[in-house]
Amino acid sequence: MRLMPAADPPHRAAPGADAQQRAHMLDLAVAGEAGLLVDRRELQREGRSYTVETLREARREFGLERPLALLVGADSFLDLPQWREWQALFGLAHFVVAERPGSPLDEGRVEAIAPGRETTDPADLGRAPAGRVYRLKQPLHAESASQVRQLIADGRPWDEFVPAPVAAYIRACGLYGVVADRGATTA
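Residues numbered from 1 in each chain as written. Predicted model: local features only at pLDDT ≥ 70, side-chain atom pairs only at ≥ 80, totals over all residues. Heavy atoms only, no water.

A. Broad picture of the overall build of the protein. In terms of helices and strands, the protein carries six helices and six strands. The order of helices and strands in the protein, counted from the N terminus, is β-α-β-α-β-α-β-α-β-β-α-α. Across the 187 residues in the protein, those meeting the buried criterion constitute 37%. Within the protein, residue pairs in contact and separated by at least 24 positions form 60% of the contacts whose partners lie at least 6 positions apart. Accessible surface computed for the protein: about 10,500 Å², of which carbon and sulfur atoms make up 51%. (Helix = DSSP H or I, 4+ residues; strand = E, 2+ residues; numbered from the N terminus. Buried < 20%, exposed > 50% of the residue type's maximum accessible area, 1.4 Å probe, protein only. Contact = heavy atoms within 4.5 Å. Areas by Shrake-Rupley, 256 points an atom, 1.4 Å probe, with all protein chains shown as cover.)

B. Local environment of the nonpolar core. One finds Phe-77, Leu-80, Leu-89, Phe-95, Val-97 and Val-133 to be the most contacted residues of the largest nonpolar core, which totals 24 residues. Every element with two or more residues in this core is listed here: helix H2 (51-62), strand E3 (69-73), helix H3 (74-78), strand E4 (94-98) and helix H4 (107-113). For Phe-77, the contacting residues outside a window of four places in its chain are Val-72, Phe-95, Val-97, Leu-105, Val-110, Ile-113, Ala-114 and Val-133. (Core = buried A, V, L, I, M, F, W, Y, C linked by side-chain atoms within 4.5 Å.)

This is the structure we're talking about:
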């Protein structure tokens, strides 16, 4: 599984840490986790980073017939019509949509964005290279990244929502409004 931080998300404001810092936090979060890799291809691209370009690169790398899936949050999936060449994305990958408790995603909204593409059988994702939408209904944290950043900015407890090395890095760098810990190192 490849985790790909966006260099310059064109569809939303910057989240309070630059692309290199976000990539480093991912490195810290997945250290020692077999099968997880931080893929920096979007950070190496000139200008804005678009998912459609990333998936086209992945298709060139992995071939046209290998199933590829893009994991996105329900909030991102609902914003899909605002993405560059968003309809072309279904020809490049499947979508696995992670739902959070209280998520506004329902069958009607999936059908409106991706008519006839939803599946309830995860095995369907292995039967074709792209084009399906699978709603991942597992117990995820209710807190989104935006909510965790807001907790940090508000000075409320937030450490339990991120791996300890990531929390230390956020403090050391003073990210998201946290008061920098001058004695910490940035691993």
